[in-house]
Amino acid sequence: MHVTSFDGLRIAFETAGCGAPLVLLHGFFGDRSTWWSAGHVEALADLYRLVVIDARGHGASDAPHDVDSYRISRQVDDVLAVLDALGIDQAAVWGASMGGIVGLNMLACHPERVAALVVGGAHADRPATDQAEVEAEAQLLREQGTAPFIRRMERLGPLPTWMRTTMQDADPHALAALTMALDTRNGVLDTLSSSADLPPLLLLAGDRDTRLPAIRRTAAQIRGARLAELADCGHFDTFARSDLNVPVVRAFLEKVPFH
């Protein structure tokens, strides 16, 4: 299925299961199929109506090549457009990595649409990156595609065939534009830390993820936020190890008062 977002781009999505709505937002290089491949859909569809979305630039969604199309506010709008098309006023959201950044921005700007938020491998602060390095990564994507990034991930540990295939099929020029857009986003930590009445928030982080210090700061500064650290997990493992993350997320969502 597709929906036309607020700026005219077509966003692909599908649903599975039944119950309270739970939106699943994949990470950079992924697409909605990764939630099936990693085992999340099978593990969650008995309790939740899963709304699984291809982020713009990924999967079957439109993939423009200009940086402005990937502003974080537009990615939040895509989620709202899908929810509106399905007649869902409020849903829980689970975002992995980039999807977690989208979820945190959705929580900051549209908290009334979020019943609960699970964020895997992401934080709410501004990106702490070097502009020259970001530009070099974008140029590498444009010139060599995703192959160097596949090799980089494989050096960190075994890469599932389904993830390698998804990365190989990605549009590198869209990803280059997205890389630049993500680096220029504003953080929402100040907004969230000053909010007194937020829905439940769970942060997931691998204990070997280089983002862990920033994720810990986010958890410490947002009132009521919980942090679950997954043992012997890096950044990608925080998503891919559904055997570890699904039990934690299910226990967290079972206590959420869905409306």
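Attention in this report is confined to the structure presented alongside it. Remember, it's a predicted structure, so these values are computed and weren't measured experimentally.

### What to know about the overall build of the protein
Helices and strands together make up the secondary structure of the protein, namely twelve helices and eight strands. On C-alpha atoms alone, the protein measures out to a radius of gyration of 17 Å, which is about the 18 Å that the 2.2 N^0.38 rule sets for 259 residues. Viewed in the frame of its principal axes, the protein has a C-alpha envelope of about 50 × 40 × 35 Å. Looking at the protein as a whole, 54% of its 259 residues are labelled buried. Accessible surface for the protein amounts to roughly 11100 Å². Of this, 50% is attributable to carbon and sulfur atoms. Of the charged side chains in the protein, 23 are positive and 33 negative; the average position of the first set lies 3 Å away from that of the second.

### Some details on the packing of aromatic side chains
Taken as a whole and assessed by the stated rule, the structure comprises six aromatic pairs. Each ring, one from Phe29 and one from Phe149, has its centre 5.6 Å from the other, and the planes form 45°; the classification is tilted. Of this pair, Phe29 sits in the loop between β3 (20-25) and α1 (33-37) while Phe149 sits in helix α6 (residues 147-156), and the two are 120 residues apart along the sequence. Phe149 shares its class with Phe29; the two are buried. Through a chain of ring-to-ring contacts, the aromatic side chains of Trp35, Trp94, Trp162, Phe236 and Phe239 assemble into a single cluster.

### Considering empty space enclosed by the protein
Which parts of space are left empty comes out when a probe the size of a water molecule is rolled across the atoms. Counted according to the given criterion, the structure contains two cavities of 30 Å³ or more. Within this model, the largest cavity holds a volume of roughly 120 Å³. Every residue lining the largest cavity is counted, 13 residues in all, and those nearest its centre are Leu25, Ala55, Gln75, Val79 and Val102. Contributions of two or more residues to the lining of the largest cavity are made by α3 (72-86) and α4 (98-109). Across the lining of the largest cavity, the residue classes tally to seven nonpolar, three polar and three charged. Here the second largest cavity is characterised by a volume of approximately 40 Å³. In terms of lining, the second largest cavity is formed by Ile101, Leu104, Asn105, His123, Ala124, Asp125, Arg185, Asn186, Gly187 and Val188.

### Describing the environment of Leu175
Residue placement: Leu175 occurs in helix α8 (residues 172-183). When the C-alpha positions of Leu175 and Asp78 are compared, they lie 17 Å apart, and in sequence the two are 97 residues distant. Leave out the neighbours within four places in its chain, and Leu175 touches Phe28, Phe29, Gly57, His58, Leu141, Thr146 and Ala170.

### Let's talk about the side chain of Arg56
Checked against the element boundaries, Arg56 lands in the loop between β4 (48-53) and α3. A polar atom in the side chain of Arg56 sits 2.6 Å from the backbone oxygen of Ser69. If we skip the residues at most four places from it in the chain, Arg56 touches Ser5, Asp7, Leu9, Ile11, Ser61, Asp62, Ser69, Tyr70, Arg74, Gln75 and Asp78.

### Re the sheet that holds strand β7 (residues 201-206)
One open sheet holds the eight strands; their spatial order is β1-β2-β4-β3-β5-β6-β7-β8, and the pairing between them is mixed. Two strands close off the open sheet at either side, each with one partner strand: β1 (2-4) and β8 (226-230). The average angle at which neighbouring strand axes cross in this sheet is 25°, direction not considered. Relative to β4, strand β2 (residues 10-16) is paired through four bridges, and the arrangement is antiparallel. In the sheet register, Phe13 faces β4, and the bridge partner there is Ile53.

Reading the values: rules and limits
- Residues numbered from 1 in each chain as written.
- Predicted model: local features only at pLDDT ≥ 70, side-chain atom pairs only at ≥ 80, totals over all residues.
- Heavy atoms only, no water.
- Helix = DSSP H or I, 4+ residues; strand = E, 2+ residues; numbered from the N terminus.
- Rg over C-alpha atoms; globule rule 2.2 N^0.38 Å.
- Buried < 20%, exposed > 50% of the residue type's maximum accessible area, 1.4 Å probe, protein only.
- Areas by Shrake-Rupley, 256 points an atom, 1.4 Å probe, with all protein chains shown as cover.
- Lys, Arg positive; Asp, Glu negative; His and termini not counted.
- Charge placed at Lys NZ, Arg CZ, Asp CG, Glu CD.
- Phe/Tyr/Trp six-rings, centres within 6.5 Å; stacked < 30°, edge-to-face > 60°.
- 1 Å grid on protein atoms, 1.4 Å probe; cavity = no way out; pocket = protein on both sides within 12 Å on 5 of 7 lines; lining within 4 Å.
- Points joined across faces, edges and corners; volume = space filled by probe spheres on them.
- Nonpolar A, V, L, I, M, F, W, Y, C, P; charged D, E, K, R; others polar.
- Contact = heavy atoms within 4.5 Å.
- Polar contact = N/O pair within 3.5 Å; in protein donor to acceptor, adjacent residues only side chain to side chain.
- Pairing = 2+ DSSP bridges.
- Axes fitted to C-alpha atoms, helices over the stretch in contact; angles between N-to-C directions.

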